[in-house]
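Letter by letter, the chains look like this.
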Amino acid sequence: MKRLIPAAILFVLVIVAYITSLLYITNSCDKTKALLDVSVTAYKENKTAQKEAKEIENFWNKKEPLLSVFVNHDRIDDIETAISLLNVYAKMPDNDLFYEYADNVKILIHQIMEDTEFTMHSIF
């Protein structure tokens, strides 16, 4: 009986940590996708999205340290690089590379969200 109580406490802590990390990752990715959609819309309308791309970069820089705890660093670095290039191409009018990197960021974020889906493999 003495061993069951610490085991139960550890089990609860693991489940709480998993749910907390899942919510943090999901919220961060959803907000990034929303900001990305706003920047693509602004780029289509104004042929520039400097302010919106900078907002995405600032948001990602705030979320990135804690996301690195939960997600593979290589994926975080890939997204950070794509966002930086998106910021560069947002300044250039009529550039298809902006749309390419916007799609790239969406795909990379989607991969992170797929990796954090609730499955037996992701729990254990």
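Residues numbered from 1 in each chain as written. Predicted model: local features only at pLDDT ≥ 70, side-chain atom pairs only at ≥ 80, totals over all residues. Heavy atoms only, no water.

**Considerations on helix α3 (residues 73–89)**
Logical step 1: Under the 1.5 Å per step criterion, the end-to-end length of α3 is 24 Å for 17 residues, consistent within 8% with the ideal 24 Å.
Logical step 2: Within α3, the full set of buried residues consists of Ile 76, Ile 79, Ala 82, Ile 83, Leu 86, Asn 87 and Tyr 89. One side of α3 carries all its buried residues, which in axial view fall inside an arc of 165°.
Logical step 3: Residues of α3 that are buried in the fold lie against α1 (4–46), α2 (50–70) and α4 (96–115). (Helix = DSSP H or I, 4+ residues; strand = E, 2+ residues; numbered from the N terminus. Expected span 1.5 Å × (residues − 1). Buried < 20%, exposed > 50% of the residue type's maximum accessible area, 1.4 Å probe, protein only. Arc of directions from axis to C-beta. Contact = heavy atoms within 4.5 Å.)

**Details of the side chain of Glu 52**
Logical step 1: If you trace the backbone, Glu 52 turns up in helix α2.
Logical step 2: Despite its burial, Glu 52 remains without a salt bridge, the nearest opposite charge being carried by Lys 51 at 5.0 Å.
Logical step 3: Ignoring sequence-local partners within four residues, the contact set of Glu 52 consists of Val 38, Ser 39 and Ala 42. (Lys, Arg positive; Asp, Glu negative; His and termini not counted. Salt bridge = Lys/Arg side-chain N within 4 Å of Asp/Glu carboxyl O.)

**Examining the nonpolar core**
Logical step 1: In this structure, Ile 79, Leu 86, Phe 98 and Ile 112 are the most contacted members of the largest nonpolar core, which totals 29 residues.
Logical step 2: Looking at this core, the elements that each hand over two or more residues are α1, α2, α3 and α4.
Logical step 3: Sorting elements by how many residues they give to this core places α1 first, with eight residues.
Logical step 4: Those residues within four positions of Leu 86 in sequence are excluded, and the remaining contacts are Leu 36, Ala 53, Ile 56, Phe 98, Tyr 101 and Ala 102. (Core = buried A, V, L, I, M, F, W, Y, C linked by side-chain atoms within 4.5 Å.)

**Observations regarding a nonpolar patch on the surface**
Logical step 1: A contiguous nonpolar patch, built from Phe 11, Val 12, Val 14, Ile 15, Val 16, Ile 19 and Leu 23 and spanning about 620 Å² of accessible area, is present on the exposed surface.
Logical step 2: Mapped onto the secondary structure, Leu 23 falls in helix α1. (Patch = residues over 30% accessible without salt bridge, like charges linked within 9 Å, V, L, I, M, F, W, Y side chains within 5 Å. Areas by Shrake-Rupley, 256 points an atom, 1.4 Å probe, with all protein chains shown as cover.)

**Focus: the packing of aromatic side chains**
Logical step 1: Applying the stated criterion across every chain, the model contains five aromatic pairs.
Logical step 2: Residues Tyr 89 and Tyr 101 carry aromatic rings whose centres are separated by 5.5 Å and whose planes lie at 20° to one another, so their mutual orientation is stacked. Placement of Tyr 89 in helix α3 and of Tyr 101 in helix α4 is noted, with a sequence separation of 12 residues between them.
Logical step 3: Judged by relative accessible area, which is 16%, Tyr 89 ranks as buried.
Logical step 4: By relative accessible area, Tyr 101 is classed as buried at 19%.
Logical step 5: Measuring from centroid to centroid gives 5.8 Å for Phe 98 and Tyr 99, while their planes differ by 80°, and the two rings are edge-to-face. (Phe/Tyr/Trp six-rings, centres within 6.5 Å; stacked < 30°, edge-to-face > 60°.)

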